[in-house]
Amino acid sequence: MPMHIGEKEFTNRVDKGLGDDFMRGAVRSAQGRLQSNRAGAAEELGDWDQWRDLGQEIRSHTMENLDFYLQQLSEKVAERGGHVYFAETADDANQYVSEVIAKKNAKKIAKSKSMVTEEIALNDILEENGCEVVETDLGEYILQIDDNDPPSHIVAPALHKNKEQIRDVFKEKLGYTNTEKPEELTLFAREQLRKEFLSADVGITGCNFAVAESGSFALVTNEGNARMVSTLPKTQITVMGMERIVPTWEELDVLVSLLTRAAVGQKLTSYVTALTGPKDEDEVDGPEEFHLVIVDNGRSKMLGSEFQEALHCIRCAACINVCPVYRHVGGHAYGSIYPGPIGAVITPLLGGYDDYKELPYASSLCGACTEVCPVKIPLHEQLITHRRNIVEEEKKSGLAERLVMQGFSRVTRSSKLFNVATKMAPFLVTPFVEDGSIVKGPGPIKPWTNIRDLPVPQKERFRDWFKTREKGGTGHGQG
Amino acid sequence: MKVSLFITCLGDVFYVNAGKATVELLERFGCEVDFPETQTCCGQPAYNSGYRENTKAAAKNMITSFAHSEYVVSPSGSCAYMFHEYESMFEDDPVWQEKAIKLKEKTYELTQFLTEVLKIEDTGSEFHAKATYHTSCHMTRLLGVKEAPFKLLSHVKGLEMVDLPNRHDCCGFGGTFSIKMPAISEQMVDEKVEHIEETEAEILIGADGGCLMNIEGRIKRNNKPVKVMHIAEILNSRGEV
């Protein structure tokens, strides 16, 4: 369960999140900022919905022809002198990377941000092998310094920390003496990281998009750290999820534009780095050796399934930034390095229902996620599909719930039963009524009335009123 | 114009006044309103909880109940949208799927029906209060009814409308979500109530029984001085207190 984070029990994780006022304050303010930036950047493009259609079309076409594009990509990488490895599992990927590093006798590894390496827990393996691994994305660096605090967001991994907390981490772990001003914190981190870039033996990067037609891969950053990681060390390993691919540079253009706008509300990030294989003889920069590790780790099971659209995700986190559930519980509550709506969709697919069956229910199905997704993944519908699988295929829903739902089915299919049930309801709830509301409900109503009043069912239902009215001749209905 | 009222289970049992107002409002604009008595619940609580098979019987009952209707109008956006889900529910059953599509095509949420079919924006209503409006998620995002309530409310004489901050955030109802994830739901509804209080409105108006039940339930529990009303009640008002 490498992508798992935090306590095992979902409810404990949620309680912890809800009780963490610092985290909730940090998340609320970040969400507000990211939401308005995204809306501004989308509006600026003019026809955002058409862009989303195009994004959806590109992702859909690419997934339909994924085998072809992966083949083309690996041929092109090999033509340029790179090595390609298809890893079926997390273990396969970790083992391959470990072998490359062992062959180079490398000790220090510099990494740029990569969610897939979090997913396979590559750092743990490399550290077990005696390597020093340095995360160079500022957010990841902060978390690593803070005793490997797990990421809580897929674009801004340290979103759950405010600047004062970051100052304290630097102070405690690295002897930082300045203030919590972001400029001062960043400058300090840059100074630390510069040494690491220069002394790293191997650079490991993630991959925003690989370009099949040329065997290139593109990295989107605001810090330039990916450029350092991919040019300074002599050996470079790029790890990508098997779906992170576009056919040509033309599609790359569209998807990068969607990504940066949806993720952080920028027209373009400060750096969009594209690299193709190891350096040529006449080139000054770049690695001497290049390895591309393409990770499946459960993704191919999603191909051809009702969840194929989840593979369209370009990891912008727009869905996370608008999610009200995420705002209150924070990323760690999801128990996965993939939080929020997209996390609730893909985590059970990658990690199984046994460990993650609560996640699809951690949504009010408000649809804010679906509305902002730049490639139009029907996220809230996929959550319902998960629920259906859990109930109907896996039979993992609780007995009490199943009984209630069976009763619901019987009552709603028959107007006679429905009529009797709604007629009886006001009398059945009488013992629980106080001041015209139900305040301490029994059984399944209890979680509701623990925090809210429930109205009392009316003795004269709407249908009774309508019928009386018709009889009285004042209505026009046919009954 | 003949209109069949899809009252919704919450409307039938809890929000009878909203239902009455809906009938009177539609009649005022020349509609002949009937109430097919075999209607029950749209099945949304079961469907959204993953019990698709258990929902099919309810769906068939509703499809049959409204089979002969010219228009179906509901004072709830999310329940009206539930009729849109029936099409995919019967993806393996072309006979019922066709019937489901017919139902979907003639179903409207109340404010949507008033503005799109009856082409009315000014209902000639009068209601003296300072109010704010809660945009329900399914009605705006799934059914796509975004402007209709605001257009209608803007013409109500005496009504001062105040923008609700973060109005697009869910109120935390989410059907069975409010029961299954009560701790999270509580935080969401509290945030909603805080924003409502910021507006200093006397009335919170909404167009969906589920959201109103949730918000009103929390407001009452915490003794907040805000009254919750369905939009049909406002639009049916002629200035009486």
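Keep in mind that this is a model prediction, so the values were computed, not measured.

1. What to know about the environment of D53 of chain A
All names here are of chain A. Inspection of the secondary structure puts D53 in helix α3 (residues 48-64). Here D53 falls in the partly exposed class, since its relative accessible area comes to 33%. Between the C-alpha atom of D53 and that of L73, which follows or precedes it by 20 residues, the distance is 25 Å.

2. Let's talk about the pattern of salt bridges
All names here are of chain A. Counted under the stated rule, the structure contains 40 salt bridges over all chains. The closest approach of N and O atoms between K108 and E196, which form a salt bridge, is 2.6 Å. Pair noted here: K108 is in strand β2 (residues 108-111) and E196 is in helix α10 (residues 182-199), with a separation of 88 residues, a long-range link. With relative accessibility at 16%, the residue K108 sits in the buried group. Measuring nitrogen to oxygen at the nearest pair gives 2.7 Å for the salt bridge that ties R299 to E119. One end of the pair, R299, is in helix α13 (residues 299-302); the other, E119, is in helix α6 (residues 115-119), and 180 residues separate them in sequence. Residue R299 is classed as buried on the basis of its relative accessible area of 3%. On the accessibility criterion, E119 (1% relative accessible area) is buried. The network of salt bridges with common partners includes E119, E243, R244, R299 and R315.

3. What to know about the domain arrangement of chain B
Residues and elements named next belong to chain B. Looking at chain B, the domain boundaries give domain 1 (2-116) and domain 2 (122-235). On the side of domain 2, 24 residues touch domain 1, which itself brings 27 residues to the contact. A buried area of about 2,000 Å², summed over both sides, lies between domain 1 and domain 2, and 68% of it is on carbon and sulfur atoms. Contact with domain 2 buries area across many residues of domain 1, yet Y15, Y81 and T111 alone supply 25% of it, more than any other trio.

Criteria and cut-off values
- Residues numbered from 1 in each chain as written.
- Chains lettered and ligands numbered in written order.
- Predicted model: local features only at pLDDT ≥ 70, side-chain atom pairs only at ≥ 80, totals over all residues.
- Heavy atoms only, no water.
- Helix = DSSP H or I, 4+ residues; strand = E, 2+ residues; numbered from the N terminus.
- Buried < 20%, exposed > 50% of the residue type's maximum accessible area, 1.4 Å probe, protein only.
- Salt bridge = Lys/Arg side-chain N within 4 Å of Asp/Glu carboxyl O.
- Domains from an automatic or database assignment.
- Contact = heavy atoms within 4.5 Å.
- Buried area = accessible area lost by both parts, 1.4 Å probe.

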